Amino acid sequence: ELFPWDATLAWGTIAGLECAIAQISNKCLNAWLKTFKYAASLSPIDKDTATKGVVNAANIMLKQQRPVKEVRKLGEQAVRLGLLNDPLQLPGELTRGVSHS
């Protein structure tokens, strides 16, 4: 098993590779979800990587036409962690504490 820092880096790299092949594939989505999961589990949390992971995962979910309820649930986790201001805030660029969707 990888240590959380290693897993965060590994999954971020995998996400980049998977998404280069197919931007809205389930493999791409799962890699971003794991990037978010591991970055959020670090102490202290890797806010930049976790934010990038959750925003990219949520945007892919919307492009796959997943129910908004699923996307909101993911966004609510990010709000609780202080990464987003709103569960459906999905900007390409985020100014933490300022940007709103």
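See the structure above.
To start, this report covers the structure provided alongside it. Predicted model only: the values in this text are computed from it and were never measured. (Residues numbered from 1 in each chain as written. Predicted model: local features only at pLDDT ≥ 70, side-chain atom pairs only at ≥ 80, totals over all residues. Heavy atoms only, no water.)

**What about the packing of helix α3 (residues 47-63) against helix α4 (residues 68-80)?**
A pair of packed helices is captured by two measures, namely the crossing angle of their axes and the spacing between those axes.
Line of reasoning, step 1. Look at α3 against α4: their axes get within 10 Å of each other, and the N-to-C directions meet at 170°. Taken together, the axes of α3 and α4 are roughly antiparallel relative to one another. Each of Val 54, Ala 57, Ala 58, Met 61 and Leu 62 in α3 lies in contact with α4, whose residues at this interface are Glu 70, Val 71, Leu 74 and Ala 78.
Line of reasoning, step 2. Partitioning the contact of α3 with α4 into residue classes produces eight nonpolar, no polar and one charged. (Axes fitted to C-alpha atoms, helices over the stretch in contact; angles between N-to-C directions. Helix = DSSP H or I, 4+ residues; strand = E, 2+ residues; numbered from the N terminus. Parallel < 35°, antiparallel > 145°, perpendicular 65-115°, else oblique. Contact = heavy atoms within 4.5 Å. Nonpolar A, V, L, I, M, F, W, Y, C, P; charged D, E, K, R; others polar.)

**Observations concerning the nonpolar core**
If you look at soluble globular proteins, the nonpolar side chains tend to sit buried side by side.
Line of reasoning, step 1. If you look at the biggest cluster of nonpolar residues, it comprises 21 residues, and the most contacted ones within it are Trp 32, Phe 36, Val 54, Ile 60 and Leu 74.
Line of reasoning, step 2. Residue contributions to this core peak at seven residues, all from α3.
Line of reasoning, step 3. Once residues lying within four places of it in the same chain are set aside, the contact partners of Ile 60 are Cys 19, Gln 23, Ile 24, Ser 25, Cys 28, Leu 29 and Trp 32. (Core = buried A, V, L, I, M, F, W, Y, C linked by side-chain atoms within 4.5 Å. Buried < 20%, exposed > 50% of the residue type's maximum accessible area, 1.4 Å probe, protein only.)

**Remarks on the pattern of salt bridges**
Line of reasoning, step 1. In the structure shown here, the tally under the stated rule is one salt bridge.
Line of reasoning, step 2. A salt bridge links Glu 70 to Arg 66; the shortest N-O distance between them is 3.6 Å.
Line of reasoning, step 3. For Arg 66, a relative accessible area of 27% gives the class partly exposed. (Salt bridge = Lys/Arg side-chain N within 4 Å of Asp/Glu carboxyl O.)

**Looking at the environment of Trp 5**
Line of reasoning, step 1. Inspection of the secondary structure assignment puts Trp 5 in helix α1 (residues 4-21).
Line of reasoning, step 2. When sequence neighbours within four positions are dropped, the list of residues in contact with Trp 5 reads Leu 42, Pro 44 and Asp 46.

Scope: geometric values only; no functional claims are made or implied.
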